[in-house]
Amino acid sequence: SATTSGMLLLPLLLSATLTTLISGRLISRTGRYKAFPIAGLALMSVGLLLLAGMDAQTSRTTASLFLVVFGLGFGMVSQVLTVAVQNAVAPRDIGVATGSANLFRALGGSLGVAVFGALLANHRDLVDALHTIFLTAAPIAAAALLVTLFLREVPLRQAA
């Protein structure tokens, strides 16, 4: 049911929220942010590989643990990259930089939905389709990790 599906996503959402909170506080305290998207994308890649290994016999507990791994990584990536973009530009350009980053994030999300939706539509078996989708997404997350390794960390500005 929709309710059960939503409840199954709760571990992912809670773990992502937790690491977003923790990484945000640590960034505020240390002024350093580059390690978080690197660690996050590594966890996301591992989580996607774990999710790809699921089958019809995978327990809900195991699936929840795999979603936690992915969620822990996602929480360290999503908002931290916004901080990096905002920190890399002059204060007068923060609005344009944030808007541009959100535009490209939305375009990437739309492209991802289209590609993964096509993969899903071309399989009769849902388990097989999800296996293919997760196996396709894992190297994409790993590629993002490689790109993030080249991210130049600019010291955070102090209060405006």
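Here's what I pulled together on the structure shown here. It should be emphasised that the depicted structure is a prediction, and the values quoted were computed from it without experimental measurement.

Rules used in this analysis
Each chain has its residues counted from 1, following the order in which its sequence is written. pLDDT decides what is reported in this predicted model: residues at 70 or higher carry local features, side-chain atom pairs at 80 or more are listed and counted, and totals for whole chains, interfaces and linings draw on all residues regardless. The side-chain figures draw on all heavy atoms in the structure; neither hydrogens nor water molecules are used. A run of H or I in DSSP counts as a helix once it spans at least four residues, and a run of E counts as a strand once it spans at least two, with each numbered from the N terminus. Whether a residue is buried, partly exposed or exposed follows from its accessible area with a 1.4 Å probe, protein chains only, as a fraction of its type maximum: under 20%, in between, or over 50%, in that order. The contact criterion used is simple: two residues touch if any of their non-hydrogen atoms lie within 4.5 Å. Per-residue and other accessible areas were derived by the Shrake-Rupley procedure at a 1.4 Å probe size, with only the shown protein chains allowed to occlude residues. Charge convention: Lys and Arg are scored as positive, Asp and Glu as negative, and His as well as the terminal groups of each chain are ignored. Every charge is mapped onto a representative atom, which is NZ of Lys, CZ of Arg, CG of Asp or CD of Glu. Expected helix span is given by 1.5 Å per residue-to-residue step, counting one fewer step than there are residues. Values of bend correspond, residue by residue, to the angle between axes fitted over the seven residues ending at that residue and the seven starting there.

Looking only at helices and strands, one finds five helices and zero strands in the protein. Mapped in sequence order, the helices and strands of the protein form the string α-α-α-α-α. Considered along the principal axes of its C-alpha atoms, the protein spans approximately 55 × 30 × 30 Å. Of all 160 residues assigned to the protein, the portion counted as buried reaches 29%. Here the analysis covers contacts within the protein between residues at least 6 apart in sequence; of these, 74% occur between residues at least 24 apart. Counting every atom, the protein has about 9,800 Å² of accessible surface; 71% of that belongs to carbon and sulfur. Within the protein, the 5 negative side-chain charges are centred at a point lying 16 Å from the centre of the 10 positive side-chain charges.

What follows covers helix H1 (residues 2-30). Between its first and last C-alpha atoms H1 spans 41 Å; for 29 residues at 1.5 Å apiece the expected length is 42 Å, and the two agree. Of all the bends in H1, the greatest reaches close to 35° and is centred on Leu9; the proline Pro11 follows between one and four positions later. If you check which residues of H1 are buried, you get Pro11, Leu12, Ser15, Ala16, Thr19, Ser23 and Ile27. Buried residues along H1 sit in contact with helix H2 (35-52) and helix H3 (60-88). Looking one or two residues past H1, Gly31 carries a phi angle of roughly 80°, positive in sign.

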